[in-house]
Amino acid sequence: MTYDEHESDEEVVSPYQVGEDRDVETSLRPKSLTEFVGQVRVRDQLGVVLESAKRRDQAPDHILLSGPPGLGKTSLAFIIALELGASIRVTSGPAIERAGDLAAMLSNLAEGDVLFIDEIHRIARPAEEMLYVAMEDFRVDVVVGKGPGATAIPLDVAPFTLVGATTRSGLLTGPLRDRFGFTAHMDFYSKDELVRVLHRSARLLEIDLTDEGADEIGRRSRGTPRIANRLLRRARDFAQVRANGVLTREVCRAALAVYDIDEIGLDRLDKLVLEALVNGFAGGPVGVSTLAIAVGEESQTIEEVVEPFLVRAGLLARTQRGRIATESAWQHLGLTPPTGR
Ligand SMILES: Nc1ncnc2c1ncn2[C@@H]1O[C@H](COP(=O)(O)OP(=O)(O)OP(=O)(O)O)[C@@H](O)[C@H]1O
Ligand SMILES: [Mg+2]
């Protein structure tokens, strides 16, 4: 396959898992806390939680991993089980439609197992209620029969550790959130951390990546290891076809230019949004739905995919009255910001 037969441009810097990510990500997942790059605070705290549980020979508190897509939540969930020497059962919020689905999973757990529920904010309400009883009392109430004759039969659940992952912790109900003993807030990665992720992946995938090349890719990876790994593969494809396979700074630059990714990792849609804001609305404030229409996208895409990075890059601000372009946004587009704002 050549570099231009891959995903569409829009997907190259998507923080979500797309296309071939799934296969390659499994092989790139770090397997221990020491191998896990960055997130120093989370790693230290988690290290203590796991170590003390091991010493007490008990299952650790339930753990919530919260943060934007592609920052390593699933990787951490597997690491937790590995570090504990425990088996892991994997499911996800959307997969648990009925409380009965969850009851079956819970009652099949063995002592010390890790139950990983991805996208836990999407779990159905009745299942959620069952889950928090199980988390606290290690018990599920299975309702037998219907109507006035229905009875709840309590079943014991082996002491387990729930690891929940969510990109939207704000959507969790209070009672569920309160039952996690430890919440890890994952943060975007620095460029240097991404450079380390890139060198590690390059080694595993047997890609010839120079320090300068890693620097170039790291800078454009939007603080997200998943994007870094994807850009690395795109650059590799490019290098195989157009260069001698070595990812130098020049090769990386040329490769990423093909995908319309600029020096700070903005893609075409990010640029469109900024330009609409600056040129179409004099820098705002403008409502997100108006902005979405101006660039022909869904509001949700703008809010969940485009804005978080623009805000973090200091290019856009969300205010009560709407979105505004910052001074840096004007400068990034090569324009002079208006004075007296
Ligand atoms: N700290 C890290 N060190 C090394 N590689 C990492 C790290 N975090 C993430 N990765 C890489 O990024 C990929 C995506 O990470 P992961 O699937 O764990 O993210 P996630 O937070 O679960 O994303 P989502 O919200 O989409 O489920 C992994 O396959 C792994 O290769
Ligand atoms: Mg995940």
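Once a new chain begins, its residue numbering starts again from 1 and follows that chain's sequence as written. Chains carry letters and ligands carry numbers; both start at the beginning, A for chains and 1 for ligands, and go up in the order they are written. Under the rules for a predicted model, residues below a pLDDT of 70 receive no local features and side-chain atom pairs below 80 are neither given nor counted, while totals for whole chains, interfaces and linings still include all residues.

- An unreviewed UniProt entry annotates the chain as Holliday junction branch migration complex subunit RuvB originating from Antricoccus suffuscus.
- For the chain, the Subcellular location (unreviewed entry) comment in UniProt is given as "Cytoplasm".
- Regarding the chain, the relevant UniProt record gives this comment under Sequence similarities (unreviewed entry): "Belongs to the RuvB family." UniProt positions are given in the numbering used here, feature names are shortened, and annotations may be inferred rather than shown by experiment.

Some details on the site of ligand 1
Point 1. Nearness is defined per residue: the C-beta atom, placed using the backbone, must lie within 6 Å of the molecule or strand. Glu25, Leu28, Gly72, Lys73 and Thr74 are the nearest of the 23 residues found near ligand 1.
Point 2. The set of elements that each furnish at least two residues to the shell around ligand 1 consists of helix H2 (21-28), helix H4 (73-84) and helix H10 (225-242).
Point 3. Residue composition of the shell around ligand 1, grouped by class: 10 nonpolar, 9 polar and 4 charged.
Point 4. In this structure, the shell around ligand 1 is formed jointly by two domains, domain 1 (39-185) and domain 2 (189-258), each of which donates at least three residues. Secondary structure elements are taken from DSSP: a helix is a run of H or I of four residues or more, a strand is a run of E of two residues or more, and numbering for both begins at the N terminus. Nonpolar residues are Ala, Val, Leu, Ile, Met, Phe, Trp, Tyr, Cys and Pro. Charged residues are Asp, Glu, Lys and Arg, and all others, Gly as well, are polar. Here the limits of each domain have been adopted from an automatic or database domain assignment.

Side note on the UniProt feature "binding site: Mg(2+)" (unreviewed entry) in the chain
Point 1. Sequence positions flagged by UniProt for "binding site: Mg(2+)" (unreviewed entry) are, in local numbering, Thr74.
Point 2. Locating threonine 74 in the fold gives a position in helix H4.
Point 3. The burial label depends on the number of other C-beta atoms within 10 Å of a residue's C-beta. Counts of 20 or more mean buried, 12 or fewer mean exposed, and intermediate counts mean partly exposed, with C-beta atoms placed from the backbone. For threonine 74, a count of 20 C-beta atoms within 10 Å corresponds to the buried category.
Point 4. Our contact criterion uses C-beta atoms placed from the backbone: two residues qualify when those atoms are within 7 Å. Setting aside residues up to four positions removed in sequence, threonine 74 forms contacts with Asp118 and Ala165.

What about the nonpolar core?
Generally speaking, a soluble globular protein has its nonpolar side chains buried in company with each other.
Point 1. Any nonpolar core is a set of buried residues, restricted to Ala, Val, Leu, Ile, Met, Phe, Trp, Tyr and Cys, that join up through C-beta atoms within 7 Å. Leu65, Leu198 and Ala235 are the most contacted members of the largest nonpolar core, which has 68 residues in total.
Point 2. Ranked by residues supplied to this core, first place goes to H10 with 7 residues.
Point 3. Residue assignment places this core across two domains, with domain 1 (39-185) and domain 2 (189-258) each supplying three or more.
Point 4. Not counting residues within four places of it along the chain, the set of residues in contact with leucine 65 comprises Lys73, Leu76, Ala77, Val163, Gly164, Ala165, Ala184 and Met186.

Describing the packing of helix H12 (residues 268-280) against helix H13 (residues 288-295)
Point 1. Contact pair H12 / H13: the axes reach a minimum separation of 9 Å and the direction vectors enclose 110°. In terms of axis orientation, H12 runs roughly perpendicular to H13. Of H13, the residues touching H12 (which contributes Leu272, Val273, Ala276, Leu277 and Gly280) are Leu291, Ala294 and Val295.
Point 2. Residue composition of the contact of H12 with H13, by class: 7 nonpolar, 1 polar and no charged. Angular values range over 0 to 180 degrees, each being the angle between N-to-C directions of two axes fitted as lines to C-alpha atoms, with helices fitted over their stretch in contact. Oblique is the label for every angle not falling under 35 degrees (roughly parallel), over 145 degrees (roughly antiparallel), or within 65 to 115 degrees (roughly perpendicular).

Overview of unusual backbone geometry
Point 1. With an omega dihedral of 5°, the bond running from glycine 284 to proline 285 counts as a cis peptide bond.
Point 2. Mapped onto the elements, proline 285 comes out in the loop between H12 and H13.
Point 3. The phi dihedral of aspartate 57 falls on the positive side, at around 60°, and the residue is not glycine.
Point 4. Positionally, aspartate 57 belongs in the loop between helix H3 (40-56) and strand S1 (63-66).
Point 5. Judged by C-beta crowding, with 7 C-beta atoms within 10 Å, aspartate 57 ranks as exposed.
Point 6. Positive phi values are uncommon outside glycine, yet alanine 282 reaches one of about 50°.
Point 7. With respect to the helices, strands and loops of the structure, alanine 282 is situated in the loop between H12 and H13.

A look at the UniProt feature "binding site: DNA" (unreviewed entry) in the chain
Point 1. Cross-referencing UniProt, the feature "binding site: DNA" (unreviewed entry) maps to Arg318 and Arg323 in the present numbering.
Point 2. Excluding residues within four positions of it along the chain, arginine 318 makes contact with Val311 and Arg323.
Point 3. One can find arginine 323 in strand S11 (residues 322-325).
Point 4. For arginine 323, a count of 24 C-beta atoms within 10 Å corresponds to the buried category.

Brief notes about the packing of helix H5 (residues 99-107) against helix H6 (residues 125-137)
Point 1. One way to put it is that H5 packs onto H6 with a least axis distance of 8 Å and a crossing angle of 25°. Considered as vectors, H5 and H6 are oriented roughly parallel to each other. Of H6, the residues touching H5 (which contributes Ala99, Asp101, Leu102, Ala103 and Leu106) are Pro126, Ala127, Met130, Leu131 and Ala134.
Point 2. Class assignment of the residues belonging to the contact of H5 with H6 gives a composition of 9 nonpolar, no polar and 1 charged.

Re the sheet that holds strand S6 (residues 161-166)
Point 1. Read across the sheet, 5 strands follow the order S2-S3-S6-S1-S7 without closing on themselves; strand pairing throughout is parallel. Every interior strand has two partners, whereas the edge strands, strand S2 (88-92) and strand S7 (182-185), have only one. Geometrically, the sheet is characterised by an average inter-axis angle of 15° between neighbouring strands, direction not taken into account.
Point 2. Two strands are said to pair when DSSP picks up at least two bridges between them. Note: S2 against strand S3 (residues 114-118), 5 bridges, orientation parallel. Looking at S3, one finds that serine 92 is bridged to aspartate 118.

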